[in-house]
Amino acid sequence: MSIDLSLDRIRKLLDVLPPYKRTTIHVAGTNGKGSVCALVSSILSAANLVVGRFNSPHLVSILDCICIGNKPISAEAYTSARETVERANNDNSIGASNFELLACTALCAFENSAVDIVVLEVGMGGRLDATNAVPDDCIIVSALTAVDLDHQAFLGDTVGAISREKSAIARPGRPFVIGPQMHPAVVDVACSIVEEAGGEVAPLATVTPTDWDDAADGPPPAQDDALKAPRPRPVWVTMASFAEPVRALLPLHGEHQLANLQIAAGIISAALTHPSSRESGLRLQDRITPGTVARGIANTRWPGRLSYHTLSLPSQTPGGSSNTVDFQILADGAHNPASATALAEYLADLLGKPSGSSSRPLTLTFILALSHSPPKTPAQTLAPLLALHKRLAEHREVRIGAALLRFTPPEGMPWVRSVPPSELRAAISASAPPTGPTIDLWLDSDADADSAGGEARPEASAAPLARALSWAAGRQEQAGARADALVVLAGSLYLVADFYRLLATLGQAAEIWGAN
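Description of the structure in this document. In this text the structure is predicted, and so the values were computed from the model without any measurement.

## Section: helix H9 (residues 256–273)
Stage number 1. With 18 residues, H9 ought to run about 26 Å at 1.5 Å a step, and its terminal C-alpha atoms sit 26 Å apart, in line with that.
Stage number 2. Counting buried positions along H9 gives 15 out of 18 residues, so the element sits mostly inside the fold.

## So, the environment of Asp137
Stage number 1. Mapped onto the elements of the fold, Asp137 is located in the loop between strand E5 (117–121) and strand E6 (139–144).
Stage number 2. On the basis of relative accessibility, which here comes to 61%, the residue Asp137 falls in the exposed class.
Stage number 3. Spatially, the C-alpha atoms of Asp137 and Ser276 are 9.3 Å apart, while their sequence positions differ by 139 residues.

## Observations concerning the packing of helix H2 (residues 33–46) against helix H11 (residues 290–298)
Stage number 1. In contact at an axis separation of 7 Å, H2 and H11 are set at 130° when each is read in the N-to-C sense. By the criterion of interaxial angle, the relationship of H2 to H11 is oblique. Here H2 and H11 pass one another in a crossing that is right-handed. Contacts from Ser42, Ile43 and Ala46 of H2 reach H11 at Thr292, Val293, Arg295, Gly296 and Ile297.
Stage number 2. Per-class residue counts for the contact of H2 with H11 are four nonpolar, three polar and one charged.

## Some details on the sheet that holds strand E10 (residues 233–238)
Stage number 1. With antiparallel pairing, the three strands of this open sheet are ordered in space as E9-E10-E11. Of all strands in the sheet, those with a lone pairing partner are strand E9 (206–209) and strand E11 (246–250), marking the two edges. The average angle at which neighbouring strand axes cross in this sheet is 35°, direction not considered.
Stage number 2. As defined by bridge partners, E10 adjoins E11 across five bridges and the pair is classed as antiparallel. Paired with Val235 across the strands is Ala248, a residue of E11.
Stage number 3. Across the sheet, H11 lies against E10 and E11, angled at about 10° from E11, the strand it touches most.

## Section: the side chain of Ser56
Stage number 1. Along the chain, Ser56 falls in the loop between strand E2 (51–54) and strand E3 (66–68).
Stage number 2. The class for Ser56 is buried, based on a relative accessible area of 18%.
Stage number 3. Apart from residues lying up to four places away in sequence, Ser56 is in contact with Phe99, Glu121 and Gly123.

## Overview of the packing of aromatic side chains
Stage number 1. Enumeration over the complete set of coordinates arrives at four aromatic pairs.
Stage number 2. Between Phe54 and Phe99, the ring centres sit 6.0 Å apart and the planes meet at 40°, which makes this aromatic pair tilted. Of this pair, Phe54 sits in strand E2 while Phe99 is found in helix H4 (residues 98–113), placing the two residues 45 residues apart along the sequence.
Stage number 3. Exposure remark for Phe99: the relative accessible area of 21% places this residue in the partly exposed category.

Thresholds, definitions, all that
Residues numbered from 1 in each chain as written. Predicted model: local features only at pLDDT ≥ 70, side-chain atom pairs only at ≥ 80, totals over all residues. Heavy atoms only, no water. Helix = DSSP H or I, 4+ residues; strand = E, 2+ residues; numbered from the N terminus. Expected span 1.5 Å × (residues − 1). Buried < 20%, exposed > 50% of the residue type's maximum accessible area, 1.4 Å probe, protein only. Axes fitted to C-alpha atoms, helices over the stretch in contact; angles between N-to-C directions. Parallel < 35°, antiparallel > 145°, perpendicular 65-115°, else oblique. Left-handed = near helix turned anticlockwise from the far one by under 90°. Contact = heavy atoms within 4.5 Å. Nonpolar A, V, L, I, M, F, W, Y, C, P; charged D, E, K, R; others polar. Pairing = 2+ DSSP bridges. Phe/Tyr/Trp six-rings, centres within 6.5 Å; stacked < 30°, edge-to-face > 60°.

Written out as structure tokens, the structure is:
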């Protein structure tokens, strides 16, 4: 079944399933939803609450989009919930979509486990998303992260239209947190929709970066290499729920994570201060303290979003050598112009500072795969990354390369297709200035094969990805010890998923859940 946004089927399905009664926080938006959900879940877990979390798409397997206690659901618990949902769907001839079945499986699993509270991420849009079928009385806070153009074929051609769809998760008598927005129209539209729904706009938290303080933050982690995972960032978080700011260490990297923390802390604050949250019986006001918030922020993990990993692979060089090379990979699911811009800003800050090792030559290699999602074009998503050379070259010698790949279509989502690498190459060629630097390009001999005849298996994408990474290792080896080197894997969370599955086959999967 292709995407068919409607609440009719899932409401029928929920009517024949055991009632869903979990206290729930609901999060919509274009970018940052997952990070916000991870932060909120971690803070709630620090308060000794059993937290259920639903995110999509999954990374390594379908199990990791349903988490209980910040760990992927067990295969047994998933199968039990899924069988219940599929039996109800089939016995009543409902014809629910794959995503509706998955969302109901998550809700059923949370009920089976009797979790204390659920953090629920919208799949697409909001108004007609399957997660919006959760009853009003279950929701204690809704939130909207950054909104930008994406999925226009389903949500509308303008930021305003998309904002209307996403803000429509607002519930009567419940607080609604609106995150920082690049487009001012989003806030106006969201406030209007919240008012129409009878909801209440809740204040954001304020997040202020500060310097590391050994007395408050402890001894700083060793930082022997600027291109390895940076240390957590000390911040002050000002929330309406507490008289004094909370000092915390934010482990998620990038300036955009400050905005995501504003939203997450705003959600927690609204849950603590709004009268409706007392109906949950969870005694949140007694359980969530400034110390709880600080611990939860520091413990947050969200793989695939500016996540650092060290990989050991044989290098592939023109001379045919096959030395094993240890190299640093930054994996990020940036998949649209806005998230690619956030990634580019992070890289410019990380790699372009004219101090320390940044005077050394730099070999920067991208591993890229993009989803086919018109009217968004590959050129629009790639433009911020391609513009990095000019910015970095002001401070150091830079060699940029890009390996162009396909990704494995996610399970149960046959409509998701990757852009052929030849189209990516054409987009790069068209975007490059005539007098600009040459970008080293690598295309696998099998990568342009059309996968429309059947859904690709993960192992079919693993071999080209491994060859692309070996090529990247070869570029680093050629650059030599005098040069800095970084590999950035980006363009789609589905490509990040392929990378994590490859790490598992190489026996290096522990890196997935390490420093991020």
